[in-house]
Protein chains: 2
Amino acid sequence: MHEEPEVAVLRYGHRPGRDDRMTTHVGLTARALGADRVILPDNAGQSKETVEDITGRFGGPFGVELTDALNAVIRNWEGVVVHLTMYGERVQDVEEDVREVHEETPILIVVGGEKVPFEVYEHADYNVGVTNQPHSEVAGLAVFLDRLFDGRELDREWENADRKVIPKATGKKVVEP
Amino acid sequence: MHEEPEVAVLRYGHRPGRDDRMTTHVGLTARALGADRVILPDNAGQSKETVEDITGRFGGPFGVELTDALNAVIRNWEGVVVHLTMYGERVQDVEEDVREVHEETPILIVVGGEKVPFEVYEHADYNVGVTNQPHSEVAGLAVFLDRLFDGRELDREWENADRKVIPKATGKKVVEP
């Protein structure tokens with residue numbers, strides 16, 4: 001977010017058709033919960049379009065990129081790599097460390113789709129489990145971002161939005177900002 | 001969770017095929033992040049099976065039910081109804097209230113799938129937005145549960161599990177408990 005070291009999310013793996021919605025939700029969650037950009041596998045062009053469309057309508061800044069070199073993105077990242085996996089260390093045990101590191105250093109958050117090879121576990125500075133239970137990569141990413149930013153992401157302001165939702169106890173209110 | 005008033009999650013709407021993975025992820029996220037049970041539309045039998053299978057292997061207690069009467073579940077709920085929607089009040093503004101209420105009262109969390117009718121907004125005691133941005137019902141549920149339980153859900157113990165993941169800095173370790 002604004003004036004903090006970058007947070008990027010890398011979706012590791014994508015099966016067109018089967019993973020379209022999950023990959024789109026990874027991208028939208030990254031955007032809504034404070035990441036600066038998402039990097040998707042190059043066969044996830046449809047998800048890229050959807051996330052860009054939402055950014056165009058609801059505001060940014062937020063970047064969406066495709067890559068044909070997932071491993072190179074991880075290997076060449078200038079900063080800290082956090083890999084979210086149910087096999088990793090407990091988020092409640094490492095989050096303070098990661099928050100401290102993030103004060104000075106860009107973070108790449110790797111979110112698995114298909115089977116993640118062992119070299120990702122090895123390259124990661126932190127393998128982190130949001131619980132050590134099988135659930136959802138989208139849920140894990142959401143909780144991790146909320147804890148990384150300590151809730152600050154919820155107060156983020158959006159630039160260049162066509163529309164803005166006004167919080168409401170009942171019903172829907174959308175305005176042009 | 002254990003010794004607290006019940007928290008149930010209701011998946012509102014399901015399109016077989018298209019929504020299978022999202023509905024399954026709603027169920028698995030509810031289980032992993034501290035809810036006591038999930039209630040799914042009766043055409044989501046496949047998601048029910050997957051969540052029950054995970055509960056059988058990784059432990060419980062966690063309930064999965066199907067219903068052909070989504071609106072009746074909401075109307076007849078004896079407790080507080082929280083509907084997660086991007087149009088609702090900001091989670092950071094209402095979470096303290098909801099946490100207090102939950103000390104005494106069961107909570108039903110309604111998670112939209114297809115278009116949610118206006119009567120759900122009206123019946124809900126709280127319409128809550130985890131951001132007022134479009135993202136993912138799974139992400140919204142995850143952040144809401146983590147905040148409702150204030151992180152306690154991460155320390156939950158599981159009963160009758162066949163296998164248990166031991167948190168690890170690198171690699172995977174699974175044991176029979």
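Since this is a predicted model, take the numbers as computed values, not measurements.

Draft legend 1. Spatial organisation of the overall build of chain A. Within chain A, the secondary structure is distributed over six helices and eight strands. Moving toward the C terminus, one meets the helices and strands of chain A in the order β-α-β-α-β-α-β-α-β-α-β-α-β-β. For chain A, the C-alpha radius of gyration of 16 Å lies close to 16 Å, the compact-globule estimate for 177 residues. Relative to its 177 residues, chain A shows a buried fraction of 57%.

Draft legend 2. Looking closely at the packing of aromatic side chains. Tallying each qualifying case throughout the model produces two aromatic pairs over all chains. Geometrically, the ring pair formed by Phe 118 of chain B and Tyr 121 of chain B is stacked, given 6.1 Å between the ring centres and 20° between the ring planes. Taken together, the residues Phe 118 of chain B and Tyr 121 of chain B, both in helix α5 (residues 118-123) and three residues apart, mark about one turn of the helix. Phe 118 of chain B gets classed as partly exposed once you look at its relative accessible area, which sits at 46%. Accessibility expressed as a relative area gives 5% for Tyr 121 of chain B, which makes it buried. Sitting over the face of the ring of Phe 58 of chain A, Arg 163 of chain A holds its NZ or CZ atom 5.8 Å from the ring centroid. The ring centre of Trp 158 of chain B lies 4.1 Å from the NZ or CZ of Arg 31 of chain B, which sits over that ring.

Draft legend 3. Just a negative patch on the surface, in detail. Residue and element names in this part refer to chain A. Residues Glu 96, Asp 97, Glu 100, Glu 103 and Glu 104 make up a contiguous surface patch of negative charge. On the secondary structure map, Glu 96 appears in helix α4 (residues 91-102). Taking the relative accessible area as the measure of exposure, Glu 96 reaches 54% and is therefore exposed.

Draft legend 4. Spotlight on the interface of chain B and chain A. Of the residues lining the interface, 53 residues belong to chain B; the matching set on chain A comes to 53 residues. Together, the buried faces of chain B and chain A total about 4500 Å²; carbon and sulfur atoms form 61% of this surface. Among the residues of chain B in contact with chain A, Arg 21, Tyr 87 and Leu 154 of chain B are the three that bury the most area, contributing 15% of the side total. Remark: the boundary between chain B and chain A carries six salt bridges. Mapped onto the side of chain B that touches chain A, the elements with two or more residues apiece are α1 (20-32), α2 (45-58), β4 (80-90), α4 (91-102), α5 and α6 (137-148) of chain B. Across the side of chain B that touches chain A, the residue classes tally to 23 nonpolar, 13 polar and 17 charged.

Draft legend 5. Quick peek at the sheet that holds strand β6 (residues 126-129) of chain A. All names here are of chain A. Taken together, six strands build an open sheet; the order of strands is β3-β2-β1-β5-β4-β6 and the sheet is parallel. Whereas interior strands pair on both sides, the edge strands pair on one side only; in this sheet they are β3 (63-67) and β6. On average, adjacent strands in this sheet sit at an angle of 30° to one another, irrespective of strand direction. The pairing of strand β1 (residues 7-12) with strand β2 (residues 37-41) spans three bridges and is parallel. Across the sheet, residue Leu 10 finds its bridge partner in β2, namely Ile 39.

Draft legend 6. Up close: the relation of the copies chain B and chain A. Placing chain B over chain A gives an RMSD of 0.0 Å and needs a rotation angle of 180°, together with 0.0 Å of translation along the axis. Expressed as an axis order, the relation between the two copies is that of a two-fold axis. Distance from the rotation axis, computed per C-alpha, reaches its smallest value in chain B at Ala 139 of chain B: 2.4 Å. An overlap of 100% is found between the interface residues of chain B and their copies at the interface of chain A, pointing to a shared contact surface.

Draft legend 7. Looking closely at empty space enclosed by the protein. Residues and elements named next belong to chain B. For the structure on display, the rule yields one cavity of 30 Å³ or more. Approximately 40 Å³ is the volume attributed to the largest cavity. Around the largest cavity sit Asn 71, Ile 74, Arg 75, Glu 119, Val 120 and His 123, which together line it. A breakdown of the residues in the lining of the largest cavity according to their chemical character gives two nonpolar, two polar and two charged.

Draft legend 8. Representation of the UniProt feature "binding site: S-adenosyl-L-methionine" (unreviewed entry) in chain A in the model. All names here are of chain A. As annotated by UniProt and renumbered to match this structure, "binding site: S-adenosyl-L-methionine" (unreviewed entry) occupies Leu 84, Gly 112, Gly 113, Glu 114, Lys 115 and Val 116. What stands out for the annotated residues spanning 33 residues is how close their C-alpha atoms remain, the widest pair being 13.1 Å apart. Not counting residues up to four positions away in its chain, the partners in contact with Gly 112 are Arg 11, Tyr 12 and Glu 137. Checked against the element boundaries, Lys 115 lands in the loop between β5 (107-112) and α5 (118-123).

Draft legend 9. Just the environment of Thr 24 of chain A, in detail. All names here are of chain A. Looking at the secondary structure, you find Thr 24 in helix α1 (residues 20-32). C-alpha separation for the pair Thr 24 and Gln 46, spaced 22 residues apart in sequence, amounts to 8.2 Å. Ignoring anything within four residues of it in the chain, the contact list for Thr 24 reads Ser 47, Thr 50 and Val 51.

Draft legend 10. The arrangement of the sheet that holds strand β6 (residues 126-129) of chain B in detail. Residue and element names in this part refer to chain B. The strand order across the open sheet formed by six strands is β3-β2-β1-β5-β4-β6, and the pairing between neighbours is parallel. Both edges of this open sheet fall to β3 (63-67) and β6, since each of them pairs with a single strand only. The average angle at which neighbouring strand axes cross in this sheet is 30°, direction not considered. Note: β4 against β6, five bridges, orientation parallel. Paired with Val 82 across the two strands is Tyr 126, which belongs to β6.

What counts and how
- Residues numbered from 1 in each chain as written.
- Chains lettered and ligands numbered in written order.
- Predicted model: local features only at pLDDT ≥ 70, side-chain atom pairs only at ≥ 80, totals over all residues.
- Heavy atoms only, no water.
- Helix = DSSP H or I, 4+ residues; strand = E, 2+ residues; numbered from the N terminus.
- Rg over C-alpha atoms; globule rule 2.2 N^0.38 Å.
- Buried < 20%, exposed > 50% of the residue type's maximum accessible area, 1.4 Å probe, protein only.
- Phe/Tyr/Trp six-rings, centres within 6.5 Å; stacked < 30°, edge-to-face > 60°.
- Lys NZ or Arg CZ within 6 Å of the ring centre and 35° of its normal.
- Patch = residues over 30% accessible without salt bridge, like charges linked within 9 Å, V, L, I, M, F, W, Y side chains within 5 Å.
- Areas by Shrake-Rupley, 256 points an atom, 1.4 Å probe, with all protein chains shown as cover.
- Salt bridge = Lys/Arg side-chain N within 4 Å of Asp/Glu carboxyl O.
- Lys, Arg positive; Asp, Glu negative; His and termini not counted.
- Charge placed at Lys NZ, Arg CZ, Asp CG, Glu CD.
- Contact = heavy atoms within 4.5 Å.
- Buried area = accessible area lost by both parts, 1.4 Å probe.
- Nonpolar A, V, L, I, M, F, W, Y, C, P; charged D, E, K, R; others polar.
- Pairing = 2+ DSSP bridges.
- Axes fitted to C-alpha atoms, helices over the stretch in contact; angles between N-to-C directions.
- Least-squares fit on C-alpha atoms with pLDDT ≥ 70 in both.
- 1 Å grid on protein atoms, 1.4 Å probe; cavity = no way out; pocket = protein on both sides within 12 Å on 5 of 7 lines; lining within 4 Å.
- Points joined across faces, edges and corners; volume = space filled by probe spheres on them.
- UniProt positions renumbered as here; feature names shortened; annotations may be inferred.

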